[in-house]
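Here's the letter readout for the chains.
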Amino acid sequence: MSASQQKSSASTSPSGEHYDAIVVGAGFGGLAMLNRLRKQGMSVRVLEAGTGVGGTWYWNRYPGARCDVESMEYSFQFDEALQQEWEWPERYSPQPVILKYLNHVADRFDMRKDIQFNTRVKSAVFNENTNRWTVTTENGESLSATFCIMATGCLSAPNTPDFKGADSFKGEIYHTGKWPHEEVDFTGKRVGVIGTGSSAIQSIPIIAERAKHLTVFQRTPNYSVPAGNRPMDPELQKQIKADYAAFRERENQQQTAFGSRFESSNVEILKITKAERDAIFEKYWQIGGLLFLYASSDLLLNREANETAAEFIREKIRTIVKDPATAQLLCPDTVVGCKRLCADSGYFETFNRPNVKLVDVKSAPIEELTPKGLRTGNTEYELDCIVFATGFDAMTGSLLRMDIRGRKGLTLQQKWAEGPRTYLGLTTVGFPNMFIISGPGSPSVLTNMVPSIEQHVNWIGDTIKDLRERQLICIEPVAEAENAWVDHVNEVAGYTLFPTCNSWYLGANIPGKPRVFMPYLGFPAYTAKCNEVRAKGYEGFALSKG
Ligand code: N01
């Protein structure tokens, strides 16, 4: 079917309809992929579980949700007019602004006609006879496509711990990653937040302002630095827009993976005095946000160096939080940055409020939910609302919750039973013509996601274009290439402190999940590697006419 034969409304698809490509998900990845493949004259159907576009920014509507990458960098670059016309009001964008931006993108490029909302994909099965993917939805539809592209996101399968008595609680239950669309009113209520990761750290200060009382149930304290959010500097915005392409190029070339225009200090922190160290940490603390990790070149390589940063943050916590016992409980003893560093706006200060209490659930874990609240050990906490800020089955969860079957009926669950295996984080042996945007084994969550997504989208788009021009219809990595890539991803992670803590990067937050470091720590060299693979005629891939 050619692009011109596409229907103008994407409310449903007649079962049996064939497309050149099916894209699963309408977040940043799905929208960019749709735009790219349509430009190549392909028929594309995007299947999206939500009622609107936005992905992460559609689902994570919790109070205080905000991006921790700067606005001028966390946006698409595929269209110059788009990046010129959009005005970002703040240094770090709040969730409603990013969602508005993505809706603008969908409208501006007339994308909605090819997106089917309210459509959760149940299965995707490769047929070796036809070389086509059959995708079935929970609504009972069945579509087919030559290419199947998973734009399902790295942090989109919410994790809700399976507490005893979960159904018995009579109050309201929320998950930060699946927040209701209507306003949640905490006024006059006793609220409990479970978890102290990024989502909790952003929402706790706002919930505390609204609730009658807030109890924070903390299992592991987290490092957080002030985000340093402020209104966008119009001069800076103007300056960047004057040559956005050059700005993006600099970002791509920089070693600073979060795509920031601030540079790493390149100081080896153990080679300078404590006073010099503290001055550098203070400078990065004042700059704000994740850039704190660039205060020294060896923070994530050397435990002793890392400990100096850890102690600097602990000292800040002790200074901010007035009650010494609460401050002590909030002080992490782990490696800074090993779990994703958090960026906050008044998180530690919130514990000075009279209506906020911190409860340690490491020493006395949550035993069960009760009709009135929850119980840890012998203590029952009476609550009107419980907020699960308990994170996600990251990187693989959204893929493994679908029934994906490749050659010879092999399921992705079987293939990845010991942990995800991919070539370049984009493809996996046994699943021809299936691409994963920001898949495990790609830099993804360790970078500024939007440019990383666009790099994947461009690579996939170019690859499909090449295949079609050469009248080839199948691409699949070969086992040696995949094995070598998996080994390389692990080897690189092994040089760092990342594997030393129980993070979601390692799947350690999900009981029973194989402990494998999932993202690839190799930005920006990764882009060069992907380009080289293409330049060498898709080295590591088998291409065929089917
Ligand atoms: O999830 P998390 P998140 N009993 O996994 C606790 C991105 N993000 O949604 O550490 C008690 O970090 C768990 O405790 P522990 C960002 O990449 C970005 O907050 O396992 N507690 C932990 O404290 C981030 O890293 C932005 O001991 C339980 C918390 O729940 C990622 O999303 C904003 C428990 C989960 O923290 C995930 O962040 C938000 C149990 N049974 C998110 N189970 C920005 O851009 C889990 N926990 C700023």
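Residues numbered from 1 in each chain as written. Predicted model: local features only at pLDDT ≥ 70, side-chain atom pairs only at ≥ 80, totals over all residues. Heavy atoms only, no water.

A. Structural view of the overall build of the chain. When you go through the chain residue by residue, the secondary structure sums to 16 helices and 20 strands. Since a compact globule built from 546 residues should have a radius of gyration of about 24 Å, the 24 Å found for the chain is in line with a globular shape. In terms of overall dimensions, the chain has C-alpha extents of about 70 × 55 × 45 Å along its principal axes. Here the chain holds 546 residues, and 58% of them are scored as buried. Within the chain, contacts between residues at least 6 apart in sequence are counted, and of these 72% link residues at least 24 apart. For the chain, the distance from the average position of its 60 positive side-chain charges to the average position of its 63 negative side-chain charges is 3 Å. (Helix = DSSP H or I, 4+ residues; strand = E, 2+ residues; numbered from the N terminus. Rg over C-alpha atoms; globule rule 2.2 N^0.38 Å. Buried < 20%, exposed > 50% of the residue type's maximum accessible area, 1.4 Å probe, protein only. Contact = heavy atoms within 4.5 Å. Lys, Arg positive; Asp, Glu negative; His and termini not counted. Charge placed at Lys NZ, Arg CZ, Asp CG, Glu CD.)

B. Highlighting the pattern of salt bridges. In this structure the tally under the stated criterion is 33 salt bridges. Close ionic contact of Asp-68 with Arg-340 constitutes a salt bridge, the shortest N to O distance being 2.8 Å. Placement of Asp-68 in the loop between helix H2 (56-59) and helix H3 (80-85) and of Arg-340 in the loop between helix H10 (324-330) and strand E11 (342-344) is noted, with a sequence separation of 272 residues between them. Assessed through its relative accessible area of 19%, Asp-68 is described here as buried. The buried category is assigned to Arg-340, whose relative accessible area is 18%. Salt bridges linked by common partners bring Glu-307, Glu-311, Arg-314, Glu-315 and Arg-318 together as one network. (Salt bridge = Lys/Arg side-chain N within 4 Å of Asp/Glu carboxyl O.)

C. Spotlight on the sheet that holds strand E16 (residues 385-388). The strand order across the open sheet built from 5 strands is E7-E16-E8-E9-E12, with neighbouring strands paired in parallel fashion. Two strands close off the open sheet at either side, each with one partner strand: strand E7 (172-175) and strand E12 (356-360). Each strand of the sheet is rotated relative to its neighbour by a mean of 20°, with strand direction disregarded. Note: strand E9 (residues 213-218) against E12, 5 bridges, orientation parallel. For Val-216, the partnering residue across the bridge sits in E12 and is Leu-358. (Pairing = 2+ DSSP bridges. Axes fitted to C-alpha atoms, helices over the stretch in contact; angles between N-to-C directions.)

D. Highlighting the domain arrangement of the chain. Domain parsing of the chain yields domain 1 (15-53 + 111-157 + 394-544) and domain 2 (192-388). Centre-to-centre, using C-alpha coordinates, domain 1 lies 31 Å away from domain 2. Each side of the interface is counted separately: domain 1 has 16 residues, and domain 2 has 18 residues. Taken together, both faces of the contact between domain 1 and domain 2 bury some 1,400 Å²; the carbon and sulfur share is 62%. The largest share of the area that domain 1 buries against domain 2 comes from Leu-497, Phe-523 and Pro-524, three residues that together contribute 37% of it. (Domains from an automatic or database assignment. Buried area = accessible area lost by both parts, 1.4 Å probe.)

E. Spotlight on the packing of helix H8 (residues 274-287) against helix H9 (residues 303-320). In contact at an axis separation of 11 Å, H8 and H9 are set at 65° when each is read in the N-to-C sense. The element H8 and its partner H9 pack so that their crossing is right-handed. Of H9, the residues touching H8 (which contributes Arg-277, Asp-278, Phe-281, Glu-282 and Trp-285) are Thr-308, Ala-309, Phe-312, Ile-313 and Lys-316. A class-by-class count of the residues in the contact of H8 with H9 yields 5 nonpolar, 1 polar and 4 charged. (Left-handed = near helix turned anticlockwise from the far one by under 90°. Nonpolar A, V, L, I, M, F, W, Y, C, P; charged D, E, K, R; others polar.)

F. The state of the cysteines, seen in detail. Using the criterion set out here, one finds 1 disulfide in the structure. Linked covalently through their sulfurs, Cys-338 and Cys-501 form a disulfide whose S-S length is 2.3 Å. Residues Cys-338 and Cys-501 are joined by a disulfide whose S-S torsion is about -110°; by sign, that bridge is left-handed. With Cys-338 in the loop between H10 and E11 and Cys-501 in the loop between helix H15 (479-494) and helix H16 (525-535), the pair connects residues that are 163 residues apart, well separated along the chain. Across the pair, Cys-501 and Cys-338 agree in class, each one buried. (Disulfide = S-S within 2.5 Å.)

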